[in-house]
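Structural overview
The lines below spell out each chain.
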Amino acid sequence: QTFRKRLQDDAEWQHKEDIRLALSIAIKMADISNTARPQHLYLQWAKKIADEFYNQGDVERKLHFTVSPFMDRLNHKMDFPKGQMSFMN
(Lines give C-alpha, C1' and ligand atoms only; values in the text may rest on other atoms or scores of the structure.)
Protein backbone atom coordinates (compact mmCIF):
# COMPACT_ATOMS: atom_id res chain seq x y z
CA GLN A 1 0.00 0.00 0.00
CA THR A 2 2.85 2.40 0.75
CA PHE A 3 4.30 1.79 -2.70
CA ARG A 4 0.99 2.58 -4.42
CA LYS A 5 0.61 5.74 -2.35
CA ARG A 6 4.09 6.90 -3.28
CA LEU A 7 3.37 6.33 -6.96
CA GLN A 8 0.17 8.37 -6.70
CA ASP A 9 1.89 11.20 -4.86
CA ASP A 10 3.77 13.80 -6.83
CA ALA A 11 7.13 12.42 -5.71
CA GLU A 12 10.10 14.28 -7.07
CA TRP A 13 12.27 11.15 -6.93
CA GLN A 14 15.21 13.20 -5.66
CA HIS A 15 15.51 11.83 -2.14
CA LYS A 16 17.82 8.87 -1.50
CA GLU A 17 14.89 6.66 -0.50
CA ASP A 18 13.01 7.48 -3.70
CA ILE A 19 16.04 6.85 -5.89
CA ARG A 20 16.76 3.57 -4.07
CA LEU A 21 13.14 2.49 -4.59
CA ALA A 22 13.26 3.32 -8.31
CA LEU A 23 16.52 1.42 -8.74
CA SER A 24 15.15 -1.58 -6.81
CA ILE A 25 12.11 -1.64 -9.09
CA ALA A 26 14.29 -1.44 -12.20
CA ILE A 27 16.51 -4.30 -11.04
CA LYS A 28 13.51 -6.47 -10.14
CA MET A 29 11.87 -5.83 -13.51
CA ALA A 30 15.09 -6.64 -15.37
CA ASP A 31 15.39 -9.82 -13.33
CA ILE A 32 11.91 -11.19 -14.02
CA SER A 33 11.32 -9.76 -17.51
CA ASN A 34 12.98 -12.66 -19.31
CA THR A 35 9.75 -14.66 -19.27
CA ALA A 36 8.02 -11.92 -21.30
CA ARG A 37 10.47 -12.24 -24.19
CA PRO A 38 9.79 -14.32 -27.30
CA GLN A 39 10.14 -17.99 -26.40
CA HIS A 40 13.38 -18.59 -28.32
CA LEU A 41 15.08 -15.70 -26.49
CA TYR A 42 13.61 -16.70 -23.14
CA LEU A 43 14.89 -20.28 -23.51
CA GLN A 44 18.31 -19.11 -24.67
CA TRP A 45 18.78 -16.93 -21.58
CA ALA A 46 17.18 -19.42 -19.19
CA LYS A 47 19.64 -22.08 -20.39
CA LYS A 48 22.57 -19.69 -19.89
CA ILE A 49 21.46 -19.04 -16.33
CA ALA A 50 20.99 -22.77 -15.74
CA ASP A 51 24.53 -23.39 -17.03
CA GLU A 52 25.85 -20.82 -14.56
CA PHE A 53 23.98 -22.58 -11.74
CA TYR A 54 25.22 -25.98 -12.90
CA ASN A 55 28.81 -24.72 -12.90
CA GLN A 56 28.35 -23.76 -9.26
CA GLY A 57 26.87 -27.19 -8.54
CA ASP A 58 29.85 -28.84 -10.25
CA VAL A 59 32.23 -26.96 -7.95
CA GLU A 60 30.15 -27.88 -4.91
CA ARG A 61 30.20 -31.56 -5.93
CA LYS A 62 33.97 -31.44 -6.56
CA LEU A 63 34.49 -30.01 -3.06
CA HIS A 64 32.22 -32.73 -1.61
CA PHE A 65 29.59 -30.18 -0.54
CA THR A 66 25.87 -30.78 -0.81
CA VAL A 67 24.83 -29.46 -4.21
CA SER A 68 22.49 -26.48 -3.84
CA PRO A 69 18.89 -26.78 -5.06
CA PHE A 70 18.46 -26.29 -8.83
CA MET A 71 22.25 -26.37 -9.33
CA ASP A 72 22.71 -30.06 -10.03
CA ARG A 73 23.07 -30.74 -13.73
CA LEU A 74 22.38 -34.42 -13.05
CA ASN A 75 18.79 -33.44 -12.21
CA HIS A 76 18.33 -31.08 -15.17
CA LYS A 77 15.21 -32.75 -16.61
CA MET A 78 13.32 -32.37 -13.32
CA ASP A 79 14.95 -29.27 -11.83
CA PHE A 80 15.01 -26.95 -14.85
CA PRO A 81 11.21 -26.67 -15.23
CA LYS A 82 10.74 -26.53 -11.45
CA GLY A 83 13.40 -23.85 -11.16
CA GLN A 84 11.71 -21.71 -13.79
CA MET A 85 8.33 -22.06 -12.05
CA SER A 86 9.70 -21.30 -8.58
CA PHE A 87 11.57 -18.27 -9.90
CA MET A 88 8.36 -16.70 -11.17
CA ASN A 89 6.34 -17.64 -8.11
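In the block above lies the structure referred to throughout.
Residues numbered from 1 in each chain as written. Predicted model: local features only at pLDDT ≥ 70, side-chain atom pairs only at ≥ 80, totals over all residues. Heavy atoms only, no water.

1. Some points on helix α3 (residues 39-62)
Across its 24 residues, α3 extends 34 Å between first and last C-alpha, which sits within 8% of the 34 Å expected from 1.5 Å per residue. What α3 keeps buried is the set Y42, A46, A50, Y54, G57 and E60. Immediately beyond the C-terminal end of α3, within one or two residues, lies H64, with a positive phi of roughly 65°. (Helix = DSSP H or I, 4+ residues; strand = E, 2+ residues; numbered from the N terminus. Expected span 1.5 Å × (residues − 1). Buried < 20%, exposed > 50% of the residue type's maximum accessible area, 1.4 Å probe, protein only.)

2. What to know about the environment of R73
Tracing the chain through its elements places R73 in the loop between α3 and α4 (76-88). Residue classification places R73 among the partly exposed positions, given a relative accessible area of 34%. A sequence separation of 23 residues divides R73 from A50, and the C-alpha atoms of the two residues are 8.5 Å apart. Among all residues touching R73, those that are not within four sequence positions of it are D51, Y54, N55 and D58. Of note is the side chain of R73, whose polar atom sits 2.8 Å from the side chain of D58. (Contact = heavy atoms within 4.5 Å. Polar contact = N/O pair within 3.5 Å; in protein donor to acceptor, adjacent residues only side chain to side chain.)

3. Observations regarding unusual backbone geometry
Positive phi is not limited to glycine here, since H64 has a value of about 65°. Along the chain, H64 falls in the loop between α3 and α4. The phi dihedral of F70 falls on the positive side, at around 65°, and the residue is not glycine. Along the chain, F70 turns up in the loop between α3 and α4.

4. Side note on the nonpolar core
Within the largest apolar cluster, five residues are counted, these being Y42, A46, A50, Y54 and F80. If one sorts the elements of this core by residue count, α3 sits on top with four residues. Excluding anything up to four places from it in sequence, A46 contacts N34, F80 and Q84. (Core = buried A, V, L, I, M, F, W, Y, C linked by side-chain atoms within 4.5 Å.)

Function cannot be inferred from these measures alone, as they are strictly geometric.
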